[in-house]
Amino acid sequence: MKILVPLKRVSDPDNANKIKVGPGKVETTGLEWKPNPFDEYAVETALRLTENGTNTKARLGEVTVVTFGPKETETTLRAALATGADKAIRVDATDDTLDGDLVARALKALVEREKPDLVLLGKQQVDGDANQTAQLLAEYLGWPQATFAGQITSEADKALLVAREVDGGSIKLRVTLPAVVSVDLRIVNPIGVTSMHTPATHKYSDGVRFAALMAIMAAKKKPLTEVKLADLAPDTALKIKYTHFDLPPARKAGVKIKTVAELVQKLKTEAKVL
Amino acid sequence: MNTLVIAELSEGKLRKSTHSAITFARQTGAPFSILALGPGAKAAAGELASFGAAKVLAADDAAIKGQVAELHAPTIAAVAKSGGFDVLVACASSFGKDVMPRVAAKLGAGYAADISGVKAEGGKLVYRRPVYAGNAYGTCELLTSTQVITVRQSEFTAAEPSGGASPVEAVATAPADPAAARVEFVGLEAAKSERPDLGEARVIVSGGRALKEKFAEVLDPLATLLGAAVGASRAACDAGYAPPELQVGQTGRVVAPQLYFAIGISGAIQHLAGMKGSKTIVAINKDADAPIFQVADYGLVADLFVAVPELITELKKAQ
């Protein structure tokens, strides 16, 4: 199976409360770049789908990673190559010239060029928090979608059985490939992904894999090509325009209560919520 | 401006998330209609006839099933075109987030996700939406003539009926997308719970990893006593102590109840993003330095396994 995984770097999500705002933009100065966590899960999912879990050294398919960004975002691509992806593409662009819709339209052109069987994405970028690219791309391609996947089982790489995490439970869908799938947090659980090559009894360790030093060195030699955004999407007009950003008022820390009895008292007479 | 509210049905039943999308429509001041799709749509349309909509449309068709986006999007897009609707809105529930971008792409429309506010300024709509886990808010406009929106349920209080009786009309299902032939709805595993939905609860009792295997044993009696919904941190869900649909946070459910109990939850940024809009927050944690105490109105530094049973006793006394 050939899989395309779009990924993006974001400013350190664990320090998102340190961001500032400038005129018409968010300032992330001083924050480290990290791969978007959901995109890392998508890469891990792609690797699990293209291997036998008992021998992760042999790639039994092809995983291509793609990002939209300036030259320095190649670091994010190299990191994905080091964990096992086969090749990388960087679409030259900067964040302020992109929106989710343009990314989806450019990805459509890239899919037509690369011809993957599956496009796997993180369900949302934890900076813009829009949760849209997979769905937009699926419609532009005319492909089926399975969003917020918490579990994926390959059926001979012809179809995927996907358990989607939804409000109030879980929805199971079977999508015939080619398809677009976006992944949720639980996909990297030990039994989140079952490839056609992996015995059903195999359990992965929890979370994403880390690259060995040798693999990091080897990743420097894997193919990484650059594509111009305009070559993929002749119409680079955006559909959404941000005019202003502001910080929400900080919630004030309240009081520490000594006893449970006092807590109940306060909830009743002060907060009046009981 | 002419707004179309997309109702949300699950297993033929109208979901309350719909009423938040109606609130959005009322706030824009423009006339609006409501569209219900799938089996049960006709009954749902009847329920929605007293909210002041110009029309309530029903595509009551068993073929539009299981909240499958490919089955819903063509009819939503067709109704938008034939009815001259230029603003399409649904709740940013898992249903809305799945289907509405697909509708936007179909119509060549811009999409504003999970908005927390709307204003009509100079004949156009200006949206406000949280970014960076709610650590900043962006003000934005869509540059397309047709606009597709999902609204954050916790920021748009559920609309109440306003009386009257909107005309209910049946609409035809649009021809299926070719993509629909390649997606099969296998089933819905609905969480069986007598408790209120997280998005609608007045009180939420949330637990973290510290509860371990005793998650339900400790929290259920408290939730039952308070008529509360049960929530959980990501860590508790990942560890399997609580099912995934209980997760409160940036990428789970975003809630804003009157009273939120964070029990054994340290308060990671991603969790705070999902609950810091709550009116009153109570934190119970044995770590006095846990970040949750920075947003809690009332903090109790205590062993939850002792404090929660004691809380139940005290609440019973106070009733």
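Reading guide: rules and limits
Residues numbered from 1 in each chain as written. Chains lettered and ligands numbered in written order. Predicted model: local features only at pLDDT ≥ 70, side-chain atom pairs only at ≥ 80, totals over all residues. Helix = DSSP H or I, 4+ residues; strand = E, 2+ residues; numbered from the N terminus. Buried ≥ 20, exposed ≤ 12 C-beta atoms within 10 Å, placed from the backbone. Contact = placed C-beta atoms within 7 Å. Rg over C-alpha atoms; globule rule 2.2 N^0.38 Å. Pairing = 2+ DSSP bridges. Axes fitted to C-alpha atoms, helices over the stretch in contact; angles between N-to-C directions. Parallel < 35°, antiparallel > 145°, perpendicular 65-115°, else oblique. Left-handed = near helix turned anticlockwise from the far one by under 90°. Core = buried A, V, L, I, M, F, W, Y, C linked by C-beta atoms within 7 Å. Arc of directions from axis to C-beta. Nonpolar A, V, L, I, M, F, W, Y, C, P; charged D, E, K, R; others polar.

What chain A contains, in helices and strands, is seven helices and 16 strands. The dimensions of chain A, computed from C-alpha atoms along their principal axes, are 65 × 50 × 40 Å. Burial statistics for chain A: of 274 residues in total, 53% are counted as buried. Across chain A, every contact between residues at least 6 apart in sequence was considered, and the portion connecting residues at least 24 apart equals 66%.

A tally of helices and strands in chain B yields eight helices and 18 strands. A globule of 319 residues ought to have a C-alpha radius of gyration of about 20 Å, and chain B, at 21 Å, matches this closely. Along the longest, intermediate and shortest principal axes, the C-alpha atoms of chain B span 60 × 45 × 40 Å. Across the 319 residues that make up chain B, the buried fraction comes to 59%. Within chain B, contacts between residues separated by at least 24 positions form 66% of all contacts whose residues are at least 6 apart in sequence.

Interface size, as often reported, equals the accessible area lost upon joining of the parts. Contact residues are listed per partner, giving 69 residues for chain A and 77 residues for chain B. Taken together, the elements giving at least two residues each to the side of chain A that touches chain B come down to α4 (133-141), β9 (145-155), β10 (159-166), β11 (169-176), β15 (240-246), β16 (255-257) and α7 (260-269) of chain A. Among the elements that line the side of chain A that touches chain B, the one with the most residues is β11(A), at eight residues. Where β11(A) and strand β13 (residues 183-190) of chain B come together, seven bridges link them in antiparallel fashion. Each bridged residue has a counterpart across the sheet, and for Ile171(A) the counterpart in β13(B) is Leu188(B).

What follows deals with the pairing of strand β11 (residues 147-151) of chain B. Residue and element names in this part refer to chain B. Burial runs high along β11: five of the five residues are buried. The two faces of β11 match: Gln147, Ile149 and Val151 on one face and Val148 and Thr150 on the other face are all buried. Pairing of strand β6 (residues 87-91) with β11 involves five bridges; the strand directions are parallel. Paired with Cys91 across the strands is Val151, a residue of β11. Relative to β11, strand β7 (residues 110-115) is paired through four bridges, and the arrangement is parallel.

Another point: the sheet that holds strand β4 (residues 32-37) of chain B. Residues and elements named next belong to chain B. Reading across the sheet, the seven strands line up as β7-β11-β6-β1-β4-β5-β12 and stay open at both edges, with parallel pairing between neighbours. Each of the sheet's edge strands pairs with one partner strand only, and the pair in question is β7 and β12 (168-170). Averaged over all pairs of adjacent strands, the angle between strand axes in this sheet comes to 20 degrees, irrespective of strand direction. Of the strands in this sheet, β6, β7 and β11 are in contact with helix α4 (residues 94-107), which crosses β11 at around 170 degrees.

A few words on the sheet that holds strand β14 (residues 203-207) of chain B. With respect to topology, six strands assemble into an open sheet ordered β16(A)-β18(B)-β17(B)-β16(B)-β14(B)-β15(B), the strand pairing being parallel. The open sheet terminates on both sides in strands that have one partner only, identified here as β16 of chain A together with β15 (229-232) of chain B. Neighbouring strand axes in the sheet, compared pairwise and without regard to direction, differ in orientation by 20 degrees on average. Relative to strand β16 (residues 259-263) of chain B, β14(B) runs parallel, the two being bridged by five bridges. Across the sheet, the residue bridging to Gly207(B) is Ile263(B), located in β16(B).

Moving on: the packing of helix α3 (residues 100-114) of chain A against α4(A). Relative placement of two packed helices is described by the angle separating their axes and the distance separating the axes. Residues and elements named next belong to chain A. Close contact between α3 and α4 brings their axes to 9 Å; oriented N to C, the two are set at 45 degrees. Considering the angle they form, α3 stands oblique to α4. Note that α3 runs across α4; the crossing there is right-handed. Between α3 and α4, the residues in contact are Gly100, Asp101, Val103, Ala104, Arg105, Leu107, Lys108 and Val111 and Thr133, Leu136, Leu137, Tyr140 and Leu141, respectively.

Most of α4(A) sits out of view: nine of its nine residues are buried. Of all the residues in α4(A), the buried ones are Thr133(A), Ala134(A), Gln135(A), Leu136(A), Leu137(A), Ala138(A), Glu139(A), Tyr140(A) and Leu141(A). In the core, the buried residues of α4(A) are packed alongside α3, β8 (118-122), β9 and β12 (179-183) of chain A together with α3 (69-83) and α4 of chain B.

All names here are of chain B. Along the chain, the position of Ala242 falls in the loop between α6 (234-238) and β16. Between the C-alpha atoms of Ala242 and Glu121, which are 121 residues apart in sequence, the distance is 44 Å. Not counting chain neighbours up to four residues away, the residues in contact with Ala242 comprise Gly207, Phe215, Ala232, Ala236 and Cys237.

Moving on, we get to the nonpolar core. By size, the foremost hydrophobic cluster in this structure holds 134 residues, and its most contacted members are Val181(A), Ala36(B), Leu88(B) and Val89(B). Residues within four places of Ala36(B) in sequence aside, it is in contact with Ala7(B), Leu9(B), Ala41(B), Ala44(B), Ala45(B), Leu48(B) and Ala58(B). Counting residues in each nonpolar core, the second largest holds 68 residues, with Val131(B), Ala136(B), Ala236(B) and Met275(B) among its members.

Attention now goes to α7(A). Inspection of α7(A) places Val260(A), Leu263(A), Val264(A), Lys266(A) and Leu267(A) among the buried residues, and these make up the whole buried set. Down the axis of α7(A), the buried set is contained in an arc of 160 degrees. They therefore lie on one face.

In this section: the environment of Gly128(A). All names here are of chain A. As for its position among the elements, Gly128 is in the loop between β8 and α4. Under the C-beta neighbour-count criterion, Gly128 is labelled buried, with 24 such atoms within 10 Å. Taking the C-alpha atoms as reference points, Gly128 and Val10, separated by 118 residues in sequence, lie 9.3 Å from one another.

The geometry of α4(A) relative to α4(B) is characterised by a closest axis approach of 8 Å and an angle of 45 degrees between their N-to-C directions. What the angle tells us is that α4(A) and α4(B) run oblique. Crossing of α4(A) against α4(B): the hand is right-handed. Between α4(A) and α4(B), the contacting residues are Gln135(A), Leu136(A), Ala138(A), Glu139(A) and Tyr140(A) on the first element and Asp98(B), Pro101(B), Arg102(B), Ala104(B), Ala105(B) and Lys106(B) on the second. Here the contact of α4(A) with α4(B) is composed, by residue class, of six nonpolar, one polar and four charged.

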